[in-house]
Structures are given as C-alpha cells and as structure tokens.
Amino acid sequence: MKDEARPQKHVHFVAISGVGMASLAGLLHAQGYRVTGSDQNIYPPMSTFLSGLGIEVFSGYRPENIPASADLVVIGNAISRDNPEARAVFERGLPYLSLPQALNRFLIGSKKSIVVAGTHGKTTTASLLAWALKEAKWEPSFFIGGIPLNFQTGFALGSGEWVVMEGDEYDTAFFDKGPKFLHYKPETVVLTSIEFDHADIYRNLEHLKEAFRGLVALVPRGGLIVASSEYASVREVCQGAQARVVFYGGRQADWEARNVEFRGERTLFDAFYRGAPDASLETTLLGRHNVANALAAYALGRELGIERAVLARALATFSGVRRRQEVKGTISGVTLIDDFAHHPTAVSETIAAVRAAYPGRRLWAVFEPRSQTSRRKIFVAEFAQALAAADRVIVAGLYQPEKIPQSERLSPVEVVSRIGQLSQNGCAALHLPTAHEIAAYIGENAAPGDVILVMSNGGFDGVQEKIIERLSARLS
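Quantities reported herein were computed from a predicted structural model and do not represent experimental measurements.

Analysis parameters
Residues numbered from 1 in each chain as written. Predicted model: local features only at pLDDT ≥ 70, side-chain atom pairs only at ≥ 80, totals over all residues. Heavy atoms only, no water. Pairing = 2+ DSSP bridges. Helix = DSSP H or I, 4+ residues; strand = E, 2+ residues; numbered from the N terminus. Buried < 20%, exposed > 50% of the residue type's maximum accessible area, 1.4 Å probe, protein only. Arc of directions from axis to C-beta. Contact = heavy atoms within 4.5 Å. Axes fitted to C-alpha atoms, helices over the stretch in contact; angles between N-to-C directions. Parallel < 35°, antiparallel > 145°, perpendicular 65-115°, else oblique. Left-handed = near helix turned anticlockwise from the far one by under 90°. Nonpolar A, V, L, I, M, F, W, Y, C, P; charged D, E, K, R; others polar. Salt bridge = Lys/Arg side-chain N within 4 Å of Asp/Glu carboxyl O. Lys, Arg positive; Asp, Glu negative; His and termini not counted. Polar contact = N/O pair within 3.5 Å; in protein donor to acceptor, adjacent residues only side chain to side chain. Core = buried A, V, L, I, M, F, W, Y, C linked by side-chain atoms within 4.5 Å.

Q: Quick question: what am I supposed to make of the pairing of strand 16 (residues 266–273) here?
A: Consecutive residues of a regular strand have side chains that alternate between opposite faces of the sheet. For strand 15 (residues 255–263) and strand 16, the ladder comprises seven bridges, and the chain directions are antiparallel. Across the sheet, the residue bridging to Glu261 is Leu268, located in strand 16. Turn length for the strand 15-strand 16 hairpin, with the two strands adjacent in sequence and antiparallel, is two residues, and the turn residue Gly264 shows positive phi of about 60°. Summarising the sheet, strand 16 and strand 17 (residues 276–283) pair through seven bridges and their orientation is antiparallel. By the bridge assignment, Phe269 is partnered in strand 17 with Leu281. Between the end of strand 16 and the start of strand 17, which pair antiparallel, lie two residues, with Arg274 showing a positive phi angle near 50°.

The following block contains the structure:
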C-alpha cells in the first residue's frame, strides 16, 4: 500500500518487547517505516531481535521517549491509562492504535483473512495453515503468536491474497476492552475449541462464548467456518453463523480423522470427508490434540481448493512450533521437553502425547502456574487430575502472586496434596517454589531414560537451561 494511503512514516511502540508488538515492529521496519519503542523489561529473545533490526528501544516509560518526529503510536495491551507515555500521547494529540488495529491496517488491509481462534491449538493450527498455503505457492502473509520452525519467524508479508491470523480472545487495550480477534476482518474462521479461560477478564464460560459469537457473526455469508465438533460450546456458538459451517473431529463431523497411529516421532491417520476416504496423512506432531489441529488445517485447505498431495506434503514436512513439545536437549539419556501448556486440558493432552512418544520411560511433569487463570483456584481439581498422569510432578510457585487477590490464589501445596490422593500409578508430587530449587532437585534425582516435561506460558526464570546445566554437571 502506498504511503499516501498510510501517511505515517515514524511509528513508536509503547511496550515494544512483547512477542506480538516486536513482531509488528519488525514488519513495519521491513516495510520501510522508521520504528522506535520503549518497554519496562527488555530481555532476549525480543531484545536481540529488535537490536538486530537496528530499532532503537528506550528502557522504562517516559514522555520524552516518544520522539518529536513520531506521527503514530501503537499502544500495547500491557499499558494502562496512567502510563506516562500513554498520557503524553493524549496530551500531544498524537494518533494511536492498539496492536490489533495496527495489524488490521498494516498487514490485513484488503487481503482475505483466515482467523484461527479457540482456547487450545490456535498457534499450531495457524502455523500449519501458513505452511500449507506456502507449499501450495499461495504466498500467504501471516501473524502468529509463536515461532513456526518452518519459517523461523512469527510474521510475514506475502504477495498472495490470503493472510493467516492467530486470533486471540484476550482484550485489545485499555481503550478497547473487546477481544483482539474482532479487528481481523475474517473471511474464514477456524474454531478449535472453547473452554473457560482468561479469568481476569471473563466472568464465566457464558461470558467467554459471547466473545466467540461476536467473531462468528463477523464472517460474511459467502465465508467459511471450520469448527471442532468435539466441544459443545463450539457447536453452540456456530448456530448463529451466517457463513457456511464445516465441522471436523468426531464421527458426526464432516471431516474425521480415523485409524490414528503413533509411530515413534510421527503420527499417521486417514482423513475422511462425510464418510468417504480423502487421504492418508502423516505428521511429526504428536498427541490426539495435534491430530485435531492437523485435521483442521487439512480440512480448511481442502475446502479452499488445495490439492490433497500438496496438503499431505505440508503436514509431513511441518517442523512444529517453538515451545510446543520442543525438545531442548538430551543429557546422558535424560530428555528435556519445553511446552506452553497452561490450561488443565492442554496439560493433560501434552502429558498424554509425551507418554505416547516416549513409552516406558519415567515422565516428570514440571508446571508453573503463570497465566491469569492458572494462578487462580478455579481449576485446582482439574490441574491435579491432569498432572497425576505423570510419574513425578513438581509444581512451582505462582508467578507474581501479589497480583492475584489472596482469597483467589491457587495453592500449589493443595494441588500437590490432591495429586497424592488421586494417583494410581505411584506418582510422586512436590511443591518447589523457585526455578533454582527445581533445577537443583531434578539435577540430583533424574536418571538416564527420564523425560522432563516443563510446562509454562512464560519464561519460568530460565528453568529449562538451569536443569540442563545441573544435569550436565552431574551426568556428563
């Protein structure tokens, strides 16, 4: 798009070091804009990424951080109304946008948008779709809240007409409390799942479903919704759609995955369309939940007219997503896996997938309650049930517990106690508050053949690297 249509030449980002904000900053930089930014906490990998692009980043928030030449400011979701730079934007009368609004303007534009939304699986499914469209030579644009290993970047501005967007149901900004995905002009939606989450902004499941109803209502009459049949909430939300709805998942769905077989590091399954075989497929993704993600991507690809062979090749050559069952290393027979799981369903599915991939090996599950929902005592029983499927469990301390009212906080000690009551396979669980304590314990007690599964939706104070260092010192 020409500069006349978007006259801003210098864009300043407030809270630039978040994954989404840094990715958009990189995208605008690649389009020729001058980009600056600021943030309170600047650390790798985003600090390294921004520095490598030559983007100037100011530490801390001050009015003078916004250069006089800035003619547009993008304000991140983490920023409150009383932030010094937010106040300066208002006082100076500068144009400003939220991250989703900026994506609408600078990335989506007139392209056809595929929005992948849902409580679980949206990063992996969106990454699969972007790779499938790339394999079909459709040259898609995409913006994904993770790093697909086939691309080594979470964003791209392609020459084709389609853009794949990971659609987040979290609120947009302090000046726009609606869900982010409502800004993405969906031509097509993939709806993977709906379960209660984001307890800081949604009162209950019904409140959350209202957000997804808003997304479904945006898809035009000539558009398409590809939705999981396995969640009652998804089926309910789709009832009000004006677009055509195609279901995938169970036996009552249009698209089904049958004859699923896990073979070491690969998964084989057959895709059926309305009872008729469509293709035999394989993927490097593991676990029942990832079979659903792969089927969703395949189903949408077929509905868009991509050939079976192209989609089969895309699934077979998809390398995964960073921090989704990512093997960080093997030290003297001990395998360390990093995963983003932070909801009880995701924890349960991830443990099951790792068990299937590493049969007969002792499995450690290390979990950090870090998200707004997991730090609250909403899912005490569900987390205990999910974690009890491992052989050894360590529950870390809550991330920034002071930000959760004491009466609402999850008790890691209670989760550990419940695991002891539930366990039928002799699962041993304990609470270790810090990454240092966790690494020290595993470093002393892990044995060759063990699999260490670390689950957190944040940095977890670098516990993965700390564990590797401790194991290397003792076993290597």
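Anyway, onward from the coordinates.
Q: Can you help me understand helix 9 (residues 308–317) in this one?
A: Listed as buried for helix 9 are Val310, Leu311, Ala314 and Leu315. Projected onto a plane normal to the axis of helix 9, the buried residues spread over an arc of 130° and lie on a single side. Tucked inside the fold, the buried residues of helix 9 contact helix 5 (122–135), strand 16, strand 17 and helix 8 (288–304).

Q: So what exactly am I meant to see when it comes to the packing of helix 8 against helix 9 here?
A: Relative orientation of the contacting elements helix 8 and helix 9 amounts to 155°, with a least axis distance of 10 Å. Judged by the angle between their axes, helix 8 and helix 9 are roughly antiparallel. Like other packed secondary-structure pairs, helix 8 and helix 9 cross with a definite hand, here right-handed. Residues Ala294, Tyr298, Gly301 and Arg302 of helix 8 lie in contact with helix 9, whose contacting residues are Arg308, Leu311 and Leu315. Here the contact of helix 8 with helix 9 is built from residues that sort into four nonpolar, one polar and two charged.

Q: What is the right way to look at the side chain of Glu349 in this model?
A: In this structure, Glu349 sits in helix 10 (residues 344–357). Glu349 sits in the buried class, given a relative accessible area of 14%. Other than its neighbours up to four places away in sequence, Glu349 contacts Arg288 and His289.

Q: What am I meant to see in the pattern of salt bridges here?
A: Tallying each qualifying case throughout the model produces 27 salt bridges. Residue Asp278 pairs with Arg308 through a salt bridge whose shortest N-O separation is 3.3 Å. Of this pair, Asp278 sits in strand 17 while Arg308 sits in helix 9; the two residues are 30 residues apart in sequence, bridging distant segments of the chain. Take Asp278: its relative accessible area is 13%, and that puts it in the buried class. The exposure class assigned to Arg308 is partly exposed, which follows from its relative accessible area of 41%. Several salt bridges share partner residues, and in doing so they unite Glu206, Lys209, Glu210, Arg213 and Glu236 into one network.

Q: It is not clear to me how the side chain of Asp339 should be interpreted in this structure. Could you clarify?
A: By the secondary structure assignment, Asp339 is in strand 19 (residues 334–339). Here Asp339 sits buried without a salt bridge, and the closest side chain of opposite charge, Arg324, lies 6.3 Å off (N-O distance). A distance of 3.0 Å separates the side chain of Asp339 from the backbone nitrogen of Ala341, its partner in a polar contact. In contact with Asp339, other than residues within four places in its own chain, are Arg323, Arg324, Gln325, Thr350, Leu453, Val454, Met455 and Ser456.

Q: Whenever I open this one, the nonpolar core confuses me. Can you help?
A: Inside soluble globular proteins, nonpolar side chains tend to come together where they are buried. If you look at the biggest cluster of nonpolar residues, it comprises 77 residues, and the most contacted ones within it are Phe13, Leu191 and Leu387. In contact with Leu191, not counting residues within four places along its chain, are Ala117, Gly118, Phe212, Val216, Val226, Ala227, Ser228, Val234, Val237, Cys238 and Tyr248.

Q: Would you mind showing me how to read the sheet that holds strand 20 (residues 363–367) here?
A: The strands making up a sheet associate through hydrogen bonds between their backbones, and the pairing can be parallel or antiparallel. Strand order in the open sheet made by the six strands is 18-19-23-20-21-22, with mixed pairing throughout. Each of the sheet's edge strands pairs with one partner strand only, and the pair in question is strand 18 (326–331) and strand 22 (428–431). Averaged over neighbouring strand pairs, the angle between their axes works out to 15° when direction is ignored. Direction of pairing for strand 18 relative to strand 19: antiparallel, over a ladder of five bridges. Bridge pairing links Gly329 to Leu336 in strand 19. Strands strand 19, strand 20 and strand 23 (451–455) of the sheet are contacted by helix 10, whose axis makes an angle of about 160° with strand 23.

Shape is all these values report; function is a separate question.
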